[in-house]
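Given next are the chains, with one letter for each unit.
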Amino acid sequence: MAKELIKGNVAMAEAAIRAGLEAYFGYPITPQTEVLEHLAKRMPELGRAFVQAESEVAAINMVYGAACTGVRVMTSSSSPGVSLMQEGLSYIAGTEVPAVMINVMRGGPGLGNIAPAQSDYHQAVRGGGHGDYHPIVLAPASVQEAIDLTVLSFDLAEKYRNLVFVLADGSVGQMMEPAELPEMRPVVRQDYDWAIRGRGENSRPKRILTSIYINPLDEEIANLRMLNTWYQIKQNEIRFKEYYLDDAEYLVVGFGTAGRVALSAVRKFRANGVKVGLLRPITVSPFPDEILSLLAGRMKGILVVEMSQGQMLDDVLIAVGRQSPVHFYGRPGGVVPFPEDVEREINRMIVSDSKLVTDPRKAWLDRALAKI
Amino acid sequence: MAKELIKGNVAMAEAAIRAGLEAYFGYPITPQTEVLEHLAKRMPELGRAFVQAESEVAAINMVYGAACTGVRVMTSSSSPGVSLMQEGLSYIAGTEVPAVMINVMRGGPGLGNIAPAQSDYHQAVRGGGHGDYHPIVLAPASVQEAIDLTVLSFDLAEKYRNLVFVLADGSVGQMMEPAELPEMRPVVRQDYDWAIRGRGENSRPKRILTSIYINPLDEEIANLRMLNTWYQIKQNEIRFKEYYLDDAEYLVVGFGTAGRVALSAVRKFRANGVKVGLLRPITVSPFPDEILSLLAGRMKGILVVEMSQGQMLDDVLIAVGRQSPVHFYGRPGGVVPFPEDVEREINRMIVSDSKLVTDPRKAWLDRALAKI
Amino acid sequence: MSVNGWIEVSDMYCKGCELCVHACPQEVIDLNMDRLTTKGFHPAYIVKEGCTGCAICALVCPDSAITVYREVVKGRPA
Amino acid sequence: MSVNGWIEVSDMYCKGCELCVHACPQEVIDLNMDRLTTKGFHPAYIVKEGCTGCAICALVCPDSAITVYREVVKGRPA
Amino acid sequence: MQKEILIAGFGGQGVLFAGQILAYTAMDLKMEVTWIPSYGPEMRGGTANCTVVIADEEIGSPLVEVPPLAILLNLPSYDKYEPMILPGGVAVINASLVDRGPVRTDIQQIFIPASKIAEEIGDKKLMNMVTVGALLTKLPELKIGDVKNSLKAHLPERHHKLLPSNYLALERGYVAAMEYA
Amino acid sequence: MQKEILIAGFGGQGVLFAGQILAYTAMDLKMEVTWIPSYGPEMRGGTANCTVVIADEEIGSPLVEVPPLAILLNLPSYDKYEPMILPGGVAVINASLVDRGPVRTDIQQIFIPASKIAEEIGDKKLMNMVTVGALLTKLPELKIGDVKNSLKAHLPERHHKLLPSNYLALERGYVAAMEYA
Amino acid sequence: MVTLVKPENMVFSRPQAFTETSTHYCPGCTHGTAHRLIAETLMEMNIVDRTIGVAPVGCSVFAYNYFDTDFVEAAHGRAPAMATGIKRVLPDRCVFTYQGDGDLASIGMAEIMHAAGRGENITVIFLNNAIYGMTGGQMAPTTLPGQRTTSSPNGRDVELSGFPLRMSEMIAKMDGASYVVRRSLHDPANIRKAKKAIRTAFETQMRGLGFSMVELLSTCPTNWGINPVDSCQWVEDHMIPVYPLGDYKISLSVGDLRL
Amino acid sequence: MVTLVKPENMVFSRPQAFTETSTHYCPGCTHGTAHRLIAETLMEMNIVDRTIGVAPVGCSVFAYNYFDTDFVEAAHGRAPAMATGIKRVLPDRCVFTYQGDGDLASIGMAEIMHAAGRGENITVIFLNNAIYGMTGGQMAPTTLPGQRTTSSPNGRDVELSGFPLRMSEMIAKMDGASYVVRRSLHDPANIRKAKKAIRTAFETQMRGLGFSMVELLSTCPTNWGINPVDSCQWVEDHMIPVYPLGDYKISLSVGDLRL
Ligand SMILES: Cc1ncc(C[n+]2csc(CCOP(=O)(O)OP(=O)(O)O)c2C)c(N)n1
Ligand SMILES: Cc1ncc(C[n+]2csc(CCOP(=O)(O)OP(=O)(O)O)c2C)c(N)n1
Ligand code: SF4
Ligand code: SF4
Ligand code: SF4
Ligand code: SF4
Ligand code: SF4
Ligand code: SF4
Ligand SMILES: [Mg+2]
Ligand SMILES: [Mg+2]
């Protein structure tokens, strides 16, 4: 297919359709409303289910219902709306049914603003809902990636009966880029042995889908089973993009928009012969911790760049384990850093050189406060 | 005051009253319902506000409203209910008003069960709601601590205009122990310069409380201010309890019920002359990372015990930074470990000795799966 | 009136709630205070003749513990 | 009928929505197409005599941009 | 010193209160104590149990895997917990509701017709107190007089008329256990 | 090669579309390109801007702090962005709505009476195309013919009647800029 | 007598649409009665194999264990949303929710109103027992004025907690609702009427006529602290006056059904 | 004329209960009209200094900037809950929410119903413009059948999205509600009536008579794609038939007020 100039939100919506989305339930919220609007038009046209739910709480529970039938289903929202979905997400996780959730993150906390942000990382990666569960979290940095990862999200959700987040930010949602949409896949209803669709003509035995394990020992087993699935996911599905890593002496780590902004900065240094590389996690959950741990051994310094107060930073710190000094640069609250900002920070890292930073977040905060 | 034999849930409710609680809004859910029931009786008796809200969503937004007036207000719930409050909690955090939330955790994810668990650690500590914010999280292990920390929670909430969680588990909520309740404090309405109470007789200038900063640069400043407050909290308020640390060669880390179960196990080893110590974080947020980092340097091994799949484990890993091998033992899904279980795990640590465990959670999972 | 009905109460389901006892128009049911089911309840049973097979007991039984039988007189619609 | 009313339209608030224009029973208001406010709107103004000070324009103005004046005839209740 | 006592039976048999009176007594003696129930969404009439730990230092776990002391008030509880008691430990069993003999020989099993004794006293509900009395023979830290004092101290005034029969139940249980042993 | 273009003006001035046509052209030329708007809950009639980045390799940031190229369609935008342009950069300014001269001398400033030219062509709305035409003089990567082709390729068929006037607007802008420079 | 016990004489037995599991409900709790009426209806309509139930959070949380149909278990109050999700992708299946009053009228208020508002083609069986049974007897939105519960220890104070919500009356106000009635389970005559209503509700759905709801007044002997028999009387004496039985909405097309 | 411009001749001016901030509303949007009526009422009742407003999420999210009273900003749909929290600790203050139809009738359905059900002594000003203004014109629960919006591009299909919700009618059904009326802002006569209703609502609260709500039909020229003047006509022609103006609930004590 030829490339089209397409907006991230529309691209994700259309990609979902082509991946066989059978049902969408959502509630408007900026900066993801185009996802809903595109589907409001397209889904009924295709005879597929679209409901503008009364709230995000209702939307996620509609998703839960449809997910129990084993069809491809998703919702989309932005930060405050996603917070409202936490109970439902935990139920979906606990029931081990596949579902996809697109979060086009905005500035927070609270009502905040509608500018691009990455401060729902922990919420997505560590589960903002109660209980132990582990969503797969895919972080696109471009419209093409938004498309590809949306398609992938359905495959992964089904393969592992797991919750998959596409964790985009307002910038990815609002940006237009040339991108190629996939072919329209036919809608196939897989004949899952767990799907709830009524017992059917041959009166197969009844099925139940629930997240209840009233006996803690049963719940423990369910927990272990889910964690085991999670480690399979970790084994098979870690994705990241690397830039100039072969000979890098300094490493920048950033996902999504922050990652691509960092790329611009890294290129500047490369142009001057400075050996800076970039690791851009695409699955932020499972997090590419092994590669990072390996890389960390040979780096003079690692800079984490996020559009938040430093959330992925925790995962980097765990993976690096003090093998090399970790620095942090964040722009929370809806600010997108410019490449120039990141350049300054890379410079700072190079200058400070191999000093171990006890608390990179605090060091960054002190610098940031000094500026205002 | 003399000690009474009192149930954890009732103790927290009464402690809140004596700390000057002016308003409670909540919704029944096991295993915390006694908090609500006690307050249903006592609050109206004292002429204070009690509303059984229509849902946890409503409850937290009622709390939000009352918090904006600057009175002492709280809600209580258990895991699924707390998930529903995530949007409201993020708003409260973003508005920087003081509020207290008691979460008596149960087994999850989803509806799970009502047995004691600790798997909402990340949700509380890293903010299950959207955006960057940092609640203070206090983790009682006994009824007396539940009382003391409930009282403290109000003081801290007000001092820092911050959200405070009392993160208990079903065991702490349902257990009876002799404990001393504080004297009844008079209800004082502080004359905060931010509280919304109407402009009043002297027509002071109007006040607004909101979590909106429509300009990202303003939101960034607000974020930095809040993070700065957070570092003050970190500076001043870290609390933990240490047992046998002076000469310890092995360290166990656990909070709440898991921590006190570990204590029993640690004592067994001490009785046999084995130098095992215990660090029981009381503030799990801010996490006692500095002391842990210091201790880690001299330990032959560190065992993290949690009633979850390993959540605080992340904070331990960050603080330890591979200075010594970290091991993990978890009982997720509502299972409370017995001291005997923890003993076995300490033994295992001693035997395995100084081998660095790449992924302690995975190592534990493999052992746990082997058993079922 | 000749007896033409009968009920069987399942031990597995009966919880001794007495709703059937009070609903039976013929007042022929009572709880068996001499027996406990494995779940620990005194089950209902017919104490005397007179059951008409009207099934009112079964209608009110919340635990579907009662099976009702009635003599089918040939030639009469069931 | 002698003119006994007057309105002032605030540039700060008027957004040129024309609601007052259509509501004025005397049809004395119009938008000033020759002027733009600093916010970029053509503001409303009185185009001819005849305002009675009835304040209907102000009633419909969503932006509270209009101040209405009316001659108070002494001896008559305000 | 630390002693753990498990008490189990049907809901309605006074399981929780039996544990609480032990806990009150320990508290009044200025000992450390924890009481923790099993709690569940089970239907009324289901099983209930609680664990009491008394000690002279800060108590770690409020639960133990293998309790040294147990009061078992009916057959399902006996079936479930007989295998779990610490070797060398003691179980007090309400023989009135348990129609089988012991399996284990490495623990001391005190069979008391507690329901019958309670009925003799005139109140079936005192069955739990009878078994508590019996347990006291193996719990030297709590004297029967201490338990009586605590009963008096913590029972609401309006129930004080019940004190004599409660005392009697404790005593009858104690004596029955002594005889048995 | 990488070039960043900032376009700013009032909502309704065709800011976003001006950027999109540049993006389409770059795409049709098989270049890499990003287009990103500012978006906000502002009332209609507020300011709008977008940034277009074209490059011959994977594009990093879709935004830059100091764009080398800018189209500024009204006074507020000019006031806001004149100071932000990269030294040595170029700004195309709709002189019809900007009643002041330049402050900076280290950038090239192309003043075009774009609104007036558009009105001359007969459609005020073509103002944005006039400025795009002007910018093309400084953006050799995109030829005016390429832009025309892309307009034709991406404008829905039903609007093709507007193509000639759009072409004209581009040309007039281009010529005006050449004259000016 | 025993000679009567022959298959051909059997006039009433446990519906086959039930599994063999004994319920966890307290003795005399009319949740069980409601279950049986549903099971019978599904059998009579021959739709057991096409039915998907949505269980609530409440005492009937384990409803999924009792019916021999596919079942899912919703989050507290969200059964109508979950049912919507199912029905929209499987429009020819019979989808019903079973919900308590806390579930439906308190936390689930938005979901039930909007399911009705959308005219969602599902059936809602709404058990109103004027209390939160499962969590131990707290006040529900349907608790009667003055009624003592563990969270209204001095009786529901309408000044502080408001008046009981009459859901059927409110939902009937919505254009989307096709069939909304209130029945009771406290005596044989009313149980029969309840059964008919449940049938009509399911027929409404299966004929694609839109949203149907049957509110059933039900007992909670345990948390009311009243024995099962007296509980039935309490329904009659205290609940029905506040919650009048009757038909609150019968759309024209449902009226035409004449079942 | 200019000689008339003297303070003593001023018969109408911007209410002092407003700040000087110009609103961010689109030209002709009647959100502004509603604001003014509230401001005037607060002044007339002399309660500006005692009033606490609760702003919603919706186009009126910044309402807090315009009134010269204390204000808080609620989460989307939760204004009634937030107002409850405030009112319960400050019962002598005047607490009002200002909510759009998406806010109140969609996501905030549970909170508004329960605030009314509890008879919460607050005042709700409910702006029904049949659309989600702020997010760019999506369908609201109040959107008219056939009305095109960005999320119902072919017009609201009642089969899929249900019928418009009539909140006043539904809320009036609740015993807790004391004063529930619907008015419109589309012409001078109706604006005057709206003003009176707002006054009655606030009086209801200040006299402790319980929950009051005024639903106001309002325009959204921008998202309707109709100019401000024609928008007013559209209210008359299309909205009022679906949302009849009138008094839906006037409790006895409120009726006695005779303002
Ligand atoms: C989000 C959430 N909040 C609260 C609960 C606790 N809870 C379980 S059931 C229930 C009330 C059930 O009452 P009702 O719906 O009336 O059903 P009943 O038990 O009376 O049949 C509550 C509050 C929960 N499980 N989830
Ligand atoms: C939880 C949440 N969901 C969605 C949104 C996005 N949102 C903001 S305003 C709004 C709708 C507003 O519509 P309405 O209440 O009718 O007010 P109007 O703008 O029409 O005045 C929505 C959906 C949000 N801010 N928060
Ligand atoms: S069938 Fe009728 S007569 Fe027979 S026992 Fe049952 S209720 Fe009584
Ligand atoms: S009604 Fe049913 S459960 Fe109750 S006593 Fe009779 S047979 Fe048993
Ligand atoms: S006051 Fe009356 S007459 Fe005068 S301009 Fe206004 S509407 Fe017209
Ligand atoms: S109604 Fe008000 S805002 Fe509209 S044109 Fe008239 S004065 Fe201006
Ligand atoms: S608690 Fe009440 S509603 Fe629940 S099963 Fe028992 S009687 Fe029924
Ligand atoms: S979008 Fe609509 S509701 Fe919002 S301010 Fe504009 S006209 Fe008013
Ligand atoms: Mg109930
Ligand atoms: Mg609206």
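Use the structure listed above.
Residues numbered from 1 in each chain as written. Chains lettered and ligands numbered in written order. Predicted model: local features only at pLDDT ≥ 70, side-chain atom pairs only at ≥ 80, totals over all residues. Heavy atoms only, no water.

(A) How the structure looks around the nonpolar core. Of all hydrophobic cores here, the largest spans 420 residues; its most connected members are G:Met113, G:Met167, H:Met113 and H:Met167. Ignoring any residue separated from it by four or fewer positions in sequence, one finds H:Met113 in contact with G:Met109, G:Met113, G:Met170, H:Met167, H:Met170, H:Ile171 and H:Met174. If you look at the next biggest cluster of nonpolar residues, it comprises 49 residues, including E:Val15, E:Met31, E:Leu139 and E:Leu151. (Core = buried A, V, L, I, M, F, W, Y, C linked by side-chain atoms within 4.5 Å. Buried < 20%, exposed > 50% of the residue type's maximum accessible area, 1.4 Å probe, protein only. Contact = heavy atoms within 4.5 Å.)

(B) Highlighting the packing of aromatic side chains. In this structure the tally under the stated criterion is 30 aromatic pairs over all chains. In this structure an aromatic cluster arises from ring pairing among G:Phe18, G:Phe67, G:Phe71, G:Phe96 and G:Phe202. Stacked on the ring of B:Tyr231, the Lys or Arg A:Lys362 has its end atom at 5.5 Å from the ring centre. (Phe/Tyr/Trp six-rings, centres within 6.5 Å; stacked < 30°, edge-to-face > 60°. Lys NZ or Arg CZ within 6 Å of the ring centre and 35° of its normal.)

(C) Representation of the interface of chain A and chain B within the structure. Every contact between the two is made by 72 residues of chain A and, on the other side, 72 residues of chain B. Taken together, both faces of the contact between chain A and chain B bury some 6,000 Å²; the carbon and sulfur share is 59%. Sorting the residues of chain A by area buried against chain B places A:Pro109, A:His130 and A:Gln309 first, and these three jointly supply 12% of that buried surface. Its salt-bridge partner being B:Asp314, residue A:Arg126 comes within 3.0 Å of it at the nearest N-O pair. Put simply, chain A and chain B have 42 residue pairs in polar contact (both at pLDDT 80 or more) between them. Broken down by element, the residue count for the side of chain A that touches chain B peaks at 12 residues, all from helix 9 (residues 216-237) of chain A. Across the side of chain A that touches chain B, the residue classes break down as 28 nonpolar, 31 polar and 13 charged. (Buried area = accessible area lost by both parts, 1.4 Å probe. Salt bridge = Lys/Arg side-chain N within 4 Å of Asp/Glu carboxyl O. Polar contact = N/O pair within 3.5 Å; in protein donor to acceptor, adjacent residues only side chain to side chain. Helix = DSSP H or I, 4+ residues; strand = E, 2+ residues; numbered from the N terminus. Nonpolar A, V, L, I, M, F, W, Y, C, P; charged D, E, K, R; others polar.)

(D) Representation of the coordination of the magnesium ion (ligand 9). Residues and elements named next belong to chain G. Binding of the magnesium ion (ligand 9) to the protein goes through Asp101 (OD), Asn129 (OD1) and Ile131 (O), at separations of 1.9 to 2.1 Å. Taken in chain order, the donor set of the magnesium ion (ligand 9) reads D-x27-N-x1-I. Pair noted here: Asp101 is in helix 3 (residues 101-107) and Ile131 is in the loop between strand 5 (123-128) and helix 5 (158-161), with a separation of 30 residues, a long-range link. Relative accessible area serves as the criterion here: at 2%, Ile131 is assigned to the buried category. (Donors = N, O, S within 2.8 Å, 3.2 Å for Na, K, Ca; no water.)

(E) Region of interest: the site of ligand 8. Within the structure, ligand 8 sits among 12 residues, and H:Cys26, H:Cys29, H:Cys59, H:Cys220 and H:Asn223 are positioned closest to it. Chains contributing residues to the immediate surroundings of ligand 8 are chains F and H. If you tally residues by element for the shell around ligand 8, the top one is helix 8 (residues 221-224) of chain H, at three residues. Looking at side-chain class alone, the shell around ligand 8 contains six nonpolar, five polar and one charged residues. (Near = heavy atom within 4 Å.)

(F) Region of interest: the coordination of the magnesium ion (ligand 10). All names here are of chain H. Those protein atoms acting as donors to the magnesium ion (ligand 10) are Asp101 (OD), Asn129 (OD1) and Ile131 (O), and they sit at 2.0 to 2.1 Å. We note that the donor set of the magnesium ion (ligand 10) lies within a single chain, spaced as D-x27-N-x1-I. Of this pair, Asp101 sits in helix 3 (residues 101-107) while Asn129 sits in the loop between strand 5 (123-128) and helix 5 (158-161); the two residues are 28 residues apart in sequence, bridging distant segments of the chain. Considered together, Asp101 and Asn129 belong to a single accessibility category, that of buried residues.

(G) Spotlight on the sheet that holds strand 1 (residues 10-12) of chain G. Ordered by their spatial adjacency, three strands build an open sheet running 1(C)-4(C)-1(G), and the pairing between neighbours is antiparallel. Edge positions in the open sheet fall to strand 1 (5-9) of chain C together with strand 1 of chain G, since each of these has one partner strand only. When strand polarity is set aside, the average angle formed by the axes of neighbouring strands in this sheet is 35 degrees. Relative to strand 4 (residues 66-70) of chain C, strand 1 of chain C runs antiparallel, the two sharing five bridges. Its bridge partner being in strand 4 of chain C, C:Ile7 is matched across the sheet by C:Val68. (Pairing = 2+ DSSP bridges. Axes fitted to C-alpha atoms, helices over the stretch in contact; angles between N-to-C directions.)

(H) Structural context of the sheet that holds strand 1 (residues 10-12) of chain H. Read from one edge of the open sheet, three strands run 1(D)-4(D)-1(H), paired in antiparallel fashion. Edge positions in the open sheet fall to strand 1 (5-9) of chain D together with strand 1 of chain H, since each of these has one partner strand only. Strand-to-strand, the axes of this sheet are offset by a mean angle of 35 degrees, without reference to chain direction.

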